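# Inside the fold
Here is how the chains run, residue by residue.
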Amino acid sequence: MEILKEVNGNSPRETIRDKQRIVVKIGSSSLQHAQTGDLDYTRLEKLVRELCDIRNQGKDVILVTSGAIAAGKKAVGIREITEEDQVRQMAVKQACAAVGQARLMMTYQKIFAEYNQVAAQILMTKNTIVDDLNRFNAHNTFTQLLQMGVIPIVNENDTVATYEIEIGDNDTLSAIVAALVEADLLILLSDIDGLYTDDPRRNPEAAFIPQVDELTEELLAMGKESTGSNVGTGGMNTKLQAARIATSSGVDMVIANSVDIGILHRILSGGEEGTLFVAHRDEAFDLPQFVSQLHRQ
């Protein structure tokens, strides 16, 4: 894999140290105990501590978090949504999201408060980006919160989202947020070390790719439908879609394993962690148009 030339004498990894606006996404499988489905409070506490430390360095930080539906299902005693009728399925899913989002935010608020950090909730759908006025207002809200030193916590508004207006996964949502707020870096914390030439769970010969300088059609074809987890909704295909959005919007992106939340400060210190996707701003990339076409592609 060809390595990008150094920028101003620094490698692409070293330039990460100077990033000032960071979006961090964490998935459902990284927030729960696999055995029970209950929230992993130790990991949550470490995540919040890392985010607060990033904020204390004078950087802007935004968290995109999954877990609302899973938390709601656990709270009301549902393991799987088994209704055959699609309308009923959607109603149960949205009800679980309503319960779970409140529980998730309550937990985050309590932990953030221990570090004297103010957090805010922002819930989004496709319409937040596609509609010009909604997008303008969302951008202004993010900007004002960051100026106030607040850490926005973002999730999809699953309580109202239907197929027509849903983004569908938080890998894509986090890249949309990164593009909207003109972030410098997007970090996807997942259950895999980064991008491989094949699924390493099935193919022991799969080779790790530490850096992607250009998203080719060959790389995009590497996307897989499964992460190996039955909790999350995003596989490698959604992460590569996120990379397409982020890099086209001028945002570097890193996919890294959330097994050790401390990987965040190692990434931001320029460490060789995860897979780095180097930004190549595409002036022709139209974010609202791209989002409007989700699920139609």
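Because the structure is predicted, anything quoted here is derived from the model rather than measured.

## Points about the sheet that holds strand β5 (residues 185-190)
Strand order in the open sheet formed by eight strands is β3-β4-β2-β1-β5-β9-β10-β8, and the pairing between neighbours is mixed. Looking at which strands have only one partner, the edges of the open sheet turn out to be β3 (119-124) and β8 (211-212). Relative to strand β4 (residues 151-156), strand β2 (residues 60-65) runs parallel, the two sharing two bridges. Note on β4: the bridge partner recorded for L63 is I153. Relative to β2, helix α2 (residues 41-56) is tilted by about 155 degrees, and along the sheet it contacts β1 (21-26), β2, β4 and β5. Strands in contact with helix α4 (residues 86-114) are β1, β2, β3 and β4; relative to β3, the strand with the most contacts, it is inclined by about 155 degrees.

## A word on the nonpolar core
V23, M124, F142, V154, V177, L186 and M253 are the most contacted members of the largest nonpolar core, which totals 47 residues. Counting residues per element, this core draws most heavily on helix α7 (residues 170-180), at seven residues. Filtering out sequence-adjacent residues up to four positions away, M124 remains in contact with I129, F142, V154, N155, E156, N157, L173, V177 and L180. Judged by nonpolar contacts, the second largest core, of 34 residues, contains V61, I261, L276 and V278.

## Some remarks on the confidence of the model for the chain
Put simply, the chain has an average pLDDT of 87, and 90% of its residues get 70 or more. This stretch, residues 1-5, has a pLDDT under 50; its non-local contacts, to residues over four places away or in other chains, come to ten contacts. This stretch, residues 224-234, has a pLDDT under 50; its non-local contacts, to residues over four places away or in other chains, come to 25 contacts.

Definitions and limits used
Residues numbered from 1 in each chain as written. Predicted model: local features only at pLDDT ≥ 70, side-chain atom pairs only at ≥ 80, totals over all residues. Heavy atoms only, no water. Pairing = 2+ DSSP bridges. Helix = DSSP H or I, 4+ residues; strand = E, 2+ residues; numbered from the N terminus. Contact = heavy atoms within 4.5 Å. Axes fitted to C-alpha atoms, helices over the stretch in contact; angles between N-to-C directions. Core = buried A, V, L, I, M, F, W, Y, C linked by side-chain atoms within 4.5 Å. Buried < 20%, exposed > 50% of the residue type's maximum accessible area, 1.4 Å probe, protein only. pLDDT = per-residue confidence, 0-100.

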